[in-house]
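Report on the structure
Listed below, chain by chain, are the residues.
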Amino acid sequence: MIPGPDAHARPTSDPAPDAAPDSSFTDDVGRRWTAVPGWCNTATVGIPPRAAATSLRQCVDDWEAGRLDTVGFDDDVRRARAAFAALVGTTTDRVAMPGALSITAGLVASSLPDGSSVLCAQEDFTSVLFPFLVDQRLTVRTVPLDTLLDQVDHSVDLVAVSAVQSADGRVLDLDALAATADEHGARTFVDVSQAAGWLPIGADRFDVVGAGAYKWLCSPRGVGFLAVRDDVDWLVPRLAGWYAGDDPWDSIYGEPLRLAPDARRFTVSPAWLDMPATATALEALDDVGIDRIRAHDVALANRFLGRLGLDPSDSAIASVATRTDPAADLAAANIATAGRGGRTRVSFHLYSTLDDADLAAALLEPHIP
């Protein structure tokens, strides 16, 4: 069984019911996504909406034909920032696009004063941990996730943690994190790579939020986001280049330093071909709605676990221990999952179905201890 819920690893709102989606939700998704039966692996990579995939193909065609409008991608960057802001509960001026999650984590680590104390979850994804562990100026302490919030005190300068654990889907109590950090004056860096796109975030409660976009945000790999609270004055734009300028196309050469006054100063030169697809994918998620997506995703994960006689995870990710390797059975039935931490990880998103959950459970059942 996956670790049960505790005081510090639970959803930030009431658990979603174990119920089938309503027809309007199914219709909304069907208008945008092509069904991929058996794809229970969004925690590894998300499936794009049709329009996003089409826009990426068009960009490749335009590139090959020498038709790329490089200035035109600026509007796609703006659209993507605005859509991400809506998904995580902040405003566009607080959103940047620095690339991979580890880039944001490294930016946070390098901006901390010498000797800062950083508290992390020892089970966390290494893109959250390594940028802090490699910085010899910092004192990094890792503790089990279920004790993390109890370890926050006035000696902690920064809490760096994932909102949802990649390995097993445990959901951190974000309300409690925000309240505990505020009480003790600790800064916060929250990785939402396994959360943004299905879980309400409330990004403005935290100093810095970072996300890779190729999972639940259904975007091309290589795109990432950063949201920074507007009162954060300690984050240094060390990666600033021409695209961090107030007017990027007037910031290509020479002095003086002229960075954007908002979070755009943390944006790096964009991966142009990915931008239209990313904007289109995030807008599609916004149109469907986070609350509806969460209810659907969590209901499927809980249904899957219930079919195996296991406790609900109240997460879009479920993780089960097996006594024998189920990989061959799953592959033969075209059910895509992932092996993580010696367990089978199953993850459901808005395009997943009841049939996916039920078939995955039926295939895994003979392998459960």
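A short tour of the structure in this document, coming up.

What counts as what
Residues numbered from 1 in each chain as written. Predicted model: local features only at pLDDT ≥ 70, side-chain atom pairs only at ≥ 80, totals over all residues. Heavy atoms only, no water. Phe/Tyr/Trp six-rings, centres within 6.5 Å; stacked < 30°, edge-to-face > 60°. Helix = DSSP H or I, 4+ residues; strand = E, 2+ residues; numbered from the N terminus. Buried < 20%, exposed > 50% of the residue type's maximum accessible area, 1.4 Å probe, protein only. Lys NZ or Arg CZ within 6 Å of the ring centre and 35° of its normal. 1 Å grid on protein atoms, 1.4 Å probe; cavity = no way out; pocket = protein on both sides within 12 Å on 5 of 7 lines; lining within 4 Å. Points joined across faces, edges and corners; volume = space filled by probe spheres on them. Nonpolar A, V, L, I, M, F, W, Y, C, P; charged D, E, K, R; others polar. Pairing = 2+ DSSP bridges. Axes fitted to C-alpha atoms, helices over the stretch in contact; angles between N-to-C directions.

**Re the packing of aromatic side chains**
- One pass over the structure, following the stated rule, counts eight aromatic pairs.
- With 6.2 Å between their ring centres and 45 degrees between their planes, phenylalanine 132 and phenylalanine 189 make a pair best called tilted. Taken together, the positions of phenylalanine 132 in helix 5 (residues 126–133) and phenylalanine 189 in strand 5 (residues 187–191) put the pair 57 residues apart, joining distant regions of the chain. Per residue, the accessibility class of phenylalanine 132 equals that of phenylalanine 189, and both read buried.
- Plain terms: the ring middles of tryptophan 242 and tryptophan 249 are 4.9 Å apart, the flat faces sit at 65 degrees to each other, and that makes the pair edge-to-face.
- You can call tryptophan 242 partly exposed: its relative accessible area is 23%.
- Among the aromatic residues, those joined into a cluster by ring pairs are Trp242, Tyr243 and Trp249.
- One Lys or Arg, arginine 221, reaches over the ring of tyrosine 214 and ends 4.4 Å from the middle of that ring.

**Comments concerning the layout of surface pockets**
- The space that makes up the largest pocket amounts to roughly 230 Å³.
- Taken as a whole, the second largest pocket holds about 160 Å³ of empty space.
- What lines the second largest pocket is a set of 13 residues, and nearest its centre among them are Thr26, Val29, Leu350, Tyr351 and Thr353.
- With four residues, helix 1 (residues 23–32) is the single largest residue contributor to the lining of the second largest pocket.
- A per-class count over the lining of the second largest pocket returns seven nonpolar, six polar and no charged.

**A closer look at the sheet that holds strand 9 (residues 338–340)**
- If you trace the three strands from one edge of the open sheet to the other, you get 8-10-9, paired in antiparallel fashion. For this open sheet the edge positions go to strand 8 (317–320) and strand 9, each flanked by a neighbour on one side alone. Put simply, the sheet's adjacent strands are angled 35 degrees from each other on average, direction ignored.

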